[in-house]
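# Structural characterization, general
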Amino acid sequence: MLSRNFTDSLIEKLIFACGFAAIILVSLIFFFLLREGLGFFAQYNIKEFISGHFWYPTSKPAGFGILPLIMGSLFVTLGAAVIAVPVGVMAAFYISEVAPVAVRDILKSGIELLAAIPSVVIGFIGMVTLVPLVRVIFDIPTGLSAFSGALMLAFMAMPTIVSISEDAIRSVPGTYKEGALALGATKWQTMYRIILPAAAPGILAAVMLGIGRVIGETMAVMMITGNAAAIPDTIFDPVRTMTATIAAEMGETVKGSMHYKGLFAIGLVLFVITFIINFIADSFLNRVKK
Amino acid sequence: MLEEIRIKVENINFFYGLKHALVDLNMDIYKNRVTAMIGPSGCGKSTFIRLINRMNDLVSHTTLKGRILLDGKNIFDPDVDVVELRRKVGMVFQKPNPFPKSIFENLVYGLQIKGVTDKKVLNEKTETALRKAALWEEVKDRLNDSALRLSGGQQQRLCIARCLVVEPEVILFDEPCASLDPISTRKIEDLIVELKKDYTILVVTHNMQQAARISTKTAFFLLGELIEFGNTEDIFTNPKDKRTEDYVSGRFG
Ligand SMILES: Nc1ncnc2c1ncn2[C@@H]1O[C@H](COP(=O)(O)OP(=O)(O)OP(=O)(O)O)[C@@H](O)[C@H]1O
Ligand SMILES: [Mg+2]
């Protein structure tokens, strides 16, 4: 009796400690980010930072405008989403609703395999195969462009989007489908009007996770987008993303310098953007659930 | 009224994998009649009526032999349009299965997929169907609420209304009153008798009195076989088969 109470309370305390540690760690990271980032804004105008066109952190005088980096991230991520979401969701529908059982099994294991490839490897393969291909097909001076990056990120987001959407679609009760078909709905009408809305929260979660996976993706993007910190006119221009900038330059800065703090400020901006996206997705999800 | 055969079942055998679920079925289902299917649980009643709108197409690893003729045409012929068939042969499932949408959306779905968009028509048909299914008074002020918030019996009546709204010609009811109280049951029974004028109706039921009250013909199933099929009166008062007699008198099953 006593020992059961004892283990119960021990486990409870352990769980509490773990949760508490997690919260502490996250807040420490956040405060660190905030301190370094805000330290930067004490010396540099925030408006100029966000809307400045030039990122020259080491020139004299230095320029810390991250608009090109924001645009770079935007082009690449948005481009990836535009490609990955429709293709991924349709693939999920194909696998769970249309494909014959044998094909389904092969596709599912294939997709799981794709998800397991490390991003650096994908980046490398993209660099040697995709980049030249994009250059030739679109007849542009260099294949290292936002488009190549978007395509590759789409490819990386796809396994997550497909497999989680597929789970969501398959967990829609079969009785909904039967009900629709019994009313004389076609296969397409059933998928579009009944199964899709019923699976919507799950599909949205899949999209968020898939995009979430690539939004912070750095290495592969760095290898393939050309890394030019200039505002792109079209999606076929070389770009540089915020994450790539931080990763590439952090090693070269002097700790405590303006450049160093500037990179933290970029991190802070990234944090805010991610937070807003999550917030929007969350409230959307709540609305769909209702 | 002339007895007109609407559905002719010829030598139907049906298998789930190796399980022989329906054995050598032959029967005629008449237009403007209510045909009741009775028999102990697991004897194949649901399996049988799910054949008539080809719902069992969705179950994999099944084998079917034989024919079911609807107005003289075999519904399993390769050139039959299943969607067209299901618009003609509506079904109310054994377990209520409303869509996870509002009450109103549940009802208009069947119309919308046929291309009806006129708001006035949708509203009118919704109300008519809900009234027929004895649900209108309970839900008229909350048509935009989720159908999943209705009680089990209300959901069942919603599914009946959803089926009625598209005006099929044949309706398959799989235990439509299983989760209803006596008052709603009474209303649904009245509805079925009323519907008989315009429709061909099949009802699966475990309730002997119900079968006796509403049906013209009764089929008694046992272990996938059709033991006896005839006028309801004969089945209940003068059954030919000993097993039928035992079942309807409650001596086994
Ligand atoms: N999808 C399926 N796969 C395999 N066997 C099935 C399937 N559906 C039903 N069966 C089997 O077929 C037989 C007939 O089932 P069915 O659902 O038609 O019975 P029922 O007469 O409707 O019973 P109840 O009165 O309990 O609803 C049962 O033995 C059942 O286990
Ligand atoms: Mg049944």
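For clarity, every value in this text was computed on a predicted model and none was experimentally measured. (Residues numbered from 1 in each chain as written. Chains lettered and ligands numbered in written order. Predicted model: local features only at pLDDT ≥ 70, side-chain atom pairs only at ≥ 80, totals over all residues. Heavy atoms only, no water.)

## Concerning the site of ligand 1
Residues and elements named next belong to chain B. Taken together, 13 residues form the shell around ligand 1, and within it Ser 41, Lys 45, Ser 46, Thr 47 and His 206 come nearest. Within the side chain of Lys 19, an N or O atom sits 3.4 Å from an oxygen atom of ligand 1. Here an oxygen atom of ligand 1 sits 2.5 Å away from a polar atom, N or O, in the side chain of Thr 47. Top element by residues in the shell around ligand 1 is helix H1 (residues 45-52). It accounts for three residues. Grouping the constituent residues of the shell around ligand 1 by class yields three nonpolar, seven polar and three charged. (Near = heavy atom within 4 Å. Polar contact = N/O pair within 3.5 Å; in protein donor to acceptor, adjacent residues only side chain to side chain. Helix = DSSP H or I, 4+ residues; strand = E, 2+ residues; numbered from the N terminus. Nonpolar A, V, L, I, M, F, W, Y, C, P; charged D, E, K, R; others polar.)

## Things to note about unusual backbone geometry
The linkage connecting Lys 60 of chain A with the following residue, Pro 61 of chain A, adopts the cis geometry, with an omega of -5°. Here Pro 61 of chain A is to be found in the loop between strand S1 (55-56) and strand S2 (63-64). One non-glycine residue, Asn 11 of chain B, lies in the positive phi region at around 50°. Tracing the chain through its elements places Asn 11 of chain B in strand S1 (residues 5-16).

## Comments concerning empty space enclosed by the protein
Summed over all chains, the structure comprises two cavities of 30 Å³ or more. By volume, the largest cavity is sized at about 60 Å³. Gly 179, Ala 182 and Leu 183 of chain A together with Gly 90, Met 91, Val 92, Asn 97, Cys 159, Arg 162, Cys 163 and Val 166 of chain B are the residues that line the largest cavity. Looking at side-chain class alone, the lining of the largest cavity contains seven nonpolar, three polar and one charged residues. In this model, the second largest cavity occupies a volume close to 50 Å³. Lining the second largest cavity are Ile 95, Lys 108, Ile 111, Glu 112, Val 162, Ser 163 and Glu 166 of chain A. (1 Å grid on protein atoms, 1.4 Å probe; cavity = no way out; pocket = protein on both sides within 12 Å on 5 of 7 lines; lining within 4 Å. Points joined across faces, edges and corners; volume = space filled by probe spheres on them.)

## Structural notes on the coordination of the magnesium ion (ligand 2)
Looking at the magnesium ion (ligand 2), one finds its protein donor set to be Ser 46 of chain B (OG) and Gln 94 of chain B (OE1), positioned 1.9 to 2.3 Å from the metal centre. Taken together, the residues Ser 46 of chain B in helix H1 and Gln 94 of chain B in the loop between strand S6 (89-92) and helix H3 (103-112) connect sequence positions 48 residues apart. (Donors = N, O, S within 2.8 Å, 3.2 Å for Na, K, Ca; no water.)

## Remarks on the packing of aromatic side chains
Here the structure, examined in full by the defined rule, presents 21 aromatic pairs over all chains. Ring centres of Phe 147 of chain A and Phe 236 of chain A lie 5.1 Å apart, and the angle between their planes is 50°; this geometry places the pair in the tilted category. Here Phe 147 of chain A is found in helix H6 (residues 146-170), whereas its partner Phe 236 of chain A is found in the loop between helix H9 (219-224) and helix H10 (242-249), with 89 residues between them in sequence. Overall, the relative accessible area of 24% leaves Phe 236 of chain A in the partly exposed class. Three or more aromatic residues link up through ring pairs in this structure, and these residues are Phe 40, Phe 41, Tyr 44, Phe 49, Trp 55 and Phe 64 of chain A. Sitting above the plane of the Phe 99 of chain B ring, Arg 162 of chain B keeps its charged end 4.3 Å from the centroid. (Phe/Tyr/Trp six-rings, centres within 6.5 Å; stacked < 30°, edge-to-face > 60°. Buried < 20%, exposed > 50% of the residue type's maximum accessible area, 1.4 Å probe, protein only. Lys NZ or Arg CZ within 6 Å of the ring centre and 35° of its normal.)

## Focus: the domain arrangement of chain A
All names here are of chain A. Each domain of chain A was delimited in the assignment, giving domain 1 (2-42) and domain 2 (55-289). Averaged C-alpha coordinates put domain 1 and domain 2 at centres separated by 30 Å. Taken together, the contacts link ten residues of domain 1 with ten residues of domain 2. Ranking the residues of domain 1 by area buried against domain 2 places Leu 33, Glu 36 and Phe 40 at the top, with a combined share of 62%. On inspection of domain 1 and its partner domain 2, the count reaches zero salt bridges. Between the two partners, domain 1 and domain 2, sit zero residue pairs in polar contact (both at pLDDT 80 or more). Grouping the constituent residues of the side of domain 1 that touches domain 2 by class yields seven nonpolar, two polar and one charged. (Domains from an automatic or database assignment. Contact = heavy atoms within 4.5 Å. Buried area = accessible area lost by both parts, 1.4 Å probe. Salt bridge = Lys/Arg side-chain N within 4 Å of Asp/Glu carboxyl O.)

## Brief notes about the interface of chain A and chain B
Accessible area lost upon the coming together of the parts serves often as the stated size of an interface. Residue-level contacts link 17 residues of chain A with 24 residues of chain B. Across the interface of chain A and chain B, roughly 1700 Å² is buried in total on both sides, 64% from carbon and sulfur atoms. When residues of chain A are sorted by the area they lose upon contact with chain B, Glu 178, Leu 183 and Arg 193 of chain A head the list and together hold 36% of the total. Run the count over chain A and chain B and you get seven residue pairs in polar contact (both at pLDDT 80 or more). A per-element tally of the side of chain A that touches chain B places helix H7 (residues 174-182) of chain A first, with seven residues.

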